[in-house]
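Structural overview
Given next are the chains, with one letter for each unit.
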Amino acid sequence: MQVRMQNPAVVIPEAMPAILSVLKAAKKGGVPEKTLELVHLRASQINGCGVCVDGGARSAKKAGESDERLFAVAAWRETPYFTDAERAALALSEAATRLSDRAEPVPDDIWDEAARHYDEKQLAGLVLYIGITNFFNRLNATTKQVAGAGW
């Protein structure tokens, strides 16, 4: 794989602090770090962002995530390893990542299930985290960033 260019947030360094600021704010929503790592990994898998899948799995491991659960994220519906709250967050991550896959991008049943497990501040953190993950996925996939190569 040949990188097209450096990551745009490196080329325009003023962008990186703003991006990291949103990421930091999202983490203040009160959602457990492991859950945020899972939704990041799932969105990155869907978007085919090798850099974010690789980095996300490593980050999740540092947060204490088990290999068993990391291996199962892509098939979270078919495995017994996730709590109901994590499943709601993963479903929200998938819906918010696959916006064009259905007439109602994030159906009420998916939102309502997430809202059953997370309060408004936590939902805000989840939505911001999913959004910033998708943003990073798009930067990296568009410019063909290589996993493990660093910036």
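Thresholds applied
- Residues numbered from 1 in each chain as written.
- Predicted model: local features only at pLDDT ≥ 70, side-chain atom pairs only at ≥ 80, totals over all residues.
- Heavy atoms only, no water.
- Axes fitted to C-alpha atoms, helices over the stretch in contact; angles between N-to-C directions.
- Helix = DSSP H or I, 4+ residues; strand = E, 2+ residues; numbered from the N terminus.
- Left-handed = near helix turned anticlockwise from the far one by under 90°.
- Contact = heavy atoms within 4.5 Å.
- Nonpolar A, V, L, I, M, F, W, Y, C, P; charged D, E, K, R; others polar.
- Core = buried A, V, L, I, M, F, W, Y, C linked by side-chain atoms within 4.5 Å.
- Buried < 20%, exposed > 50% of the residue type's maximum accessible area, 1.4 Å probe, protein only.
- Patch = residues over 30% accessible without salt bridge, like charges linked within 9 Å, V, L, I, M, F, W, Y side chains within 5 Å.
- Areas by Shrake-Rupley, 256 points an atom, 1.4 Å probe, with all protein chains shown as cover.
- Salt bridge = Lys/Arg side-chain N within 4 Å of Asp/Glu carboxyl O.
- Expected span 1.5 Å × (residues − 1).

**Regarding the packing of helix 3 (residues 33-47) against helix 8 (residues 120-142)**
Two elements in contact, helix 3 and helix 8, have axes whose closest approach is 9 Å; the angle formed by their N-to-C orientations is 35°. Like other packed secondary-structure pairs, helix 3 and helix 8 cross with a definite hand, here right-handed. For the pair helix 3 and helix 8, the contacting residues are Leu36, Glu37, Val39, His40, Ala43, Ser44 and Asn47 in the first and Leu126, Tyr129, Ile130, Thr133, Asn134, Asn137 and Arg138 in the second. In the contact of helix 3 with helix 8, the residues fall into 6 nonpolar, 6 polar and 2 charged.

**Regarding the nonpolar core**
Phe82 and Leu126 are the most contacted members of the largest nonpolar core, which totals 34 residues. For this core, the secondary-structure elements that each account for two or more residues are helix 2 (15-27), helix 3, helix 4 (50-62), helix 5 (67-72), helix 6 (84-97), helix 7 (108-117) and helix 8. Setting aside residues no more than four positions away along its own chain, Phe82 makes contact with Leu38, Arg69, Ala72, Val73, Trp76, Arg87 and Leu90.

**Some points on the environment of Leu139**
With respect to the helices and strands, Leu139 occurs in helix 8. Accessibility expressed as a relative area gives 15% for Leu139, which makes it buried. Sequence separation between Leu139 and Asp84 is 55 residues; the distance between their C-alpha atoms is 31 Å. Those residues in contact with Leu139 that lie beyond four places of it in its chain are Asn7 and Pro8.

**Some details on a nonpolar patch on the surface**
The grouping of Met5, Val11 and Ile12 at the surface amounts to a nonpolar patch, some 260 Å² of accessible area in total. Here Met5 shows up in the segment before helix 1 (8-11). Given a relative accessible area of 37%, Met5 falls into the partly exposed group.

**Focus on the side chain of Ser44**
Structurally, Ser44 is set in helix 3. Among all residues touching Ser44, those that are not within four sequence positions of it are Cys49, Cys52, Val53, Thr133 and Asn137.

**Re helix 3**
For helix 3, with 15 residues, the first-to-last C-alpha span of 21 Å sits near the 21 Å given by 1.5 Å per residue. For helix 3, the full list of buried residues reads Thr35, Leu36, Glu37, Leu38, Val39, His40, Leu41, Arg42, Ala43 and Ser44. Of the surrounding elements, those touching the buried residues of helix 3 are helix 2, helix 4, helix 5, helix 6 and helix 8. The positive-phi residue at the C-terminal boundary of helix 3 is Gly48, with phi of around 65°.

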